[in-house]
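# Fold and geometry: a report
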Amino acid sequence: MKITAFTVLICLFAVISLVSLLQRVRRDVLGFRSALIWAVLWLTIAVFSVFPDLLNELMEAAGMENRLFFLLVIAVLVLSALVFNLTSRVDRLSRDVGLTVRELAIATHRIAGLAAERRMIVDEAPALSPPGEGSGPTNTE
Amino acid sequence: MSILVTLAAHNEERNVGKVVGRLRELGYRCMVVDDGSTDGTVQVAAAAGADVISHATNLGQGDALLTGLKASLLDPACEIIVEMDADGEHDPADVPRFIEKMRESGADIVIGSRILGSHQPTASRLRRFFLPYYTGLINRLTGYQMTDALCGFRAFRRDSIARVAPLLNIMIEPQYVAAEMFIRFSRAGLCVTEIPIHLADRGWGASQKGVFRYGVGILRAITRTLLDPRLGK
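Residues numbered from 1 in each chain as written. Chains lettered and ligands numbered in written order. Predicted model: local features only at pLDDT ≥ 70, side-chain atom pairs only at ≥ 80, totals over all residues.

## Topic: the overall build of chain A
Within chain A one finds 4 helices and 0 strands. Order of helices (α) and strands (β) in chain A, N terminus to C terminus: α-α-α-α. The proportion of buried residues among the 141 residues of chain A is 5%. Considering only contacts within chain A whose residues lie at least 6 apart along the sequence, 44% involve residues at least 24 apart. (Helix = DSSP H or I, 4+ residues; strand = E, 2+ residues; numbered from the N terminus. Buried ≥ 20, exposed ≤ 12 C-beta atoms within 10 Å, placed from the backbone. Contact = placed C-beta atoms within 7 Å.)

Given below as structure tokens:
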């Protein structure tokens with residue numbers, strides 16, 4: 001374990017990010033699944049900054065010699081997975097929004113139609129006396 | 001026979017009134033699906049005598065057509081649903097020919113053909129060039145014998161559409177609904193026939209469909225539909 005200013009900075013940033021994630025989950029701004037993905041990502045970065053030798057062991061296990069290249073490959077893989085996840089979610093959301101807008105338009109139209117029908121029935125019905133002032137429909141003749 | 005004509009309109013205040021007025025003169029009931037217009041399309045269409053359904057936001061012509069179809073299914077009196085453009089390119093006087101063809105042939109869907117009639121005067125050469133290839137591809141996938149699968153002037157038998165109504169909710173690419181609709185409807189056993197139509201110049205404005213984007217979109221819609229596990233055999 002080697003503590004440098006960079007390690008402290010990364011750990012501080014990770015802690016702030018984790019607190020921010022927790023607050024967003026509590027405020028229901030961020031879903032639990034997304035929060036979990038980001039939490040794992042930040043914890044991994046913090047662990048690697050505190051134990052840099054761990055990265056070397058992983059690099060050797062993966063059969064790579066260049067540390068920078070290894071990090072780059074990992075970063076590209078993680079980002080690709082995140083972007084793929086996001087695009088499929090956006091696609092699904094946009095389809096859901098389309099369906100909802102279409103259903104809402106039809107429902108609003110039906111409600112307006114029913115309201116118009118009701119108004120017509122009320123307008124055509126014979127006027128009723130207010131309660132306590134006699135009973136039955138008023139004779140308009 | 002009760003006929004309901006549905007028109008999808010987006011910012012068509014200059015054209016929709018004339019089209020609806022002409023349809024009303026011919027004695028047809030009209031439903032305009034306003035696709036999130038920001039001009040006076042809703043007011044003009046309502047003033048001309050159309051029943052108006054409004055999308056809260058702009059989704060695209062295909063979505064508006066699906067809304068029109070679904071809303072028409074809720075009208076128990078309606079027997080035939082006719083879809084046409086609100087921009088004035090389709091002639092309302094052709095509607096009786098669609099009805100006649102449907103009655104004669106017993107088909108579930110009658111589609112207008114610009115190839116058998118006249119080409120779209122406002123469409124680019126590129127679009128006219130690709131139209132037969134797209135139609136050929138859709139014919140191969142559906143077994144239909146159409147000459148213009150992408151024409152927006154169509155008539156549907158209400159009972160037949162009611163039978164396949166759940167399919168209207170699973171359209172993956174509503175923006176390019178024609179291709180997907182025919183693939184799904186062919187698997188559901190619906191019959192299609194066509195009649196020639198002649199297009200007029202649109203009254204005002206220009207088509208909002210980009211050739212490249214539209215072409216790629218149709219191919220994407222076909223691919224995604226074929227990959228959809230919900231697509232029947």
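## Quick look at the interface of chain A and chain B
The interface is formed by 9 residues belonging to chain A together with 14 residues belonging to chain B. Tallied by class, residues from the side of chain A that touches chain B come to 5 nonpolar, 2 polar and 2 charged. (Nonpolar A, V, L, I, M, F, W, Y, C, P; charged D, E, K, R; others polar.)

## Overview of the pairing of strand β6 (residues 154–157) of chain B
Pairing between strand β4 (residues 80–85) of chain B and β6 of chain B: 4 bridges, direction antiparallel. Directly across from Ile81 of chain B, in β6 of chain B, lies its bridge partner Phe156 of chain B. (Pairing = 2+ DSSP bridges.)

## Looking at the nonpolar core
All names here are of chain B. In terms of nonpolar packing, the biggest core is built from 67 residues, with Leu7, Val32 and Ala179 touching the most fellow members. Per-element accounting of this core gives the leading share, 7 residues, to helix α7 (residues 177–187). Ignoring sequence-local partners within four residues, the contact set of Ala179 consists of Ile138, Ala149, Ile218, Ala221 and Ile222. (Core = buried A, V, L, I, M, F, W, Y, C linked by C-beta atoms within 7 Å.)

## With respect to the packing of helix α1 (residues 5–26) of chain A against helix α2 (residues 32–50) of chain A
Residue and element names in this part refer to chain A. At a minimum axis distance of 9 Å, the contact between α1 and α2 shows a crossing angle of 165°. The angle between α1 and α2 falls in the class roughly antiparallel. Judged by the sense of rotation from one axis to the other, the crossing of α1 with α2 is left-handed. Within the contact between the two elements, α1 uses Phe6, Thr7, Ile10, Cys11, Ala14, Ser17, Leu18, Leu21, Arg24 and Val25 and α2 uses Phe32, Ala35, Trp38, Ala39, Trp42, Leu43, Ile45, Ala46, Ser49 and Val50. (Axes fitted to C-alpha atoms, helices over the stretch in contact; angles between N-to-C directions. Parallel < 35°, antiparallel > 145°, perpendicular 65-115°, else oblique. Left-handed = near helix turned anticlockwise from the far one by under 90°.)

Spatial relationships are all this shows, so hold off on functional conclusions.
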